[in-house]
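A closer look at the structure
Each chain, written out:
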Amino acid sequence: MSQSKREQVVSHLRYIRQELREMHQGVQEDGLLPDPGEVRGVMAQMEALLELVAGRSARKARSSSKP
């Protein structure tokens, strides 16, 4: 993995970790579940990270396996 790609992965992971930490803190302190939009945002970031790490071929394979 190139240095630039590695830096992008680290950046994505830091962002996702921070978002999840904030959601967890909200659940523990307030007992409230996170907003569905927040969860979708983190899921989108995780998808972007997966595409970055696996490349475009993983996306094509996933889409062809869907009914």
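The following paragraphs examine the structure supplied in this document. Given the structure is predicted, the values throughout are model-derived calculations rather than measurements. (Residues numbered from 1 in each chain as written. Predicted model: local features only at pLDDT ≥ 70, side-chain atom pairs only at ≥ 80, totals over all residues. Heavy atoms only, no water.)

Across its full length, the chain carries 3 helices and 0 strands. Counting from the amino terminus, helix and strand elements in the chain follow one another as α-α-α. Across the 67 residues of the chain, 12% fall into the buried class. Counting only contacts in the chain whose residues sit at least 6 apart along the sequence, the fraction spanning at least 24 positions is 53%. Accessible area of the chain: about 5,400 Å², with a carbon and sulfur share of 55%. (Helix = DSSP H or I, 4+ residues; strand = E, 2+ residues; numbered from the N terminus. Buried < 20%, exposed > 50% of the residue type's maximum accessible area, 1.4 Å probe, protein only. Contact = heavy atoms within 4.5 Å. Areas by Shrake-Rupley, 256 points an atom, 1.4 Å probe, with all protein chains shown as cover.)

The next thing to look at is the environment of Pro34. Tracing the backbone through its elements, the reader meets Pro34 in the loop between helix 1 (3-30) and helix 2 (36-54). Residue class for Pro34 comes out partly exposed when judged on its relative accessible area of 24%. Separated by 11 residues in sequence, Pro34 and Met23 have C-alpha atoms that sit 5.9 Å apart. In contact with Pro34, not counting residues within four places along its chain, are Met23, Val27 and Val39.

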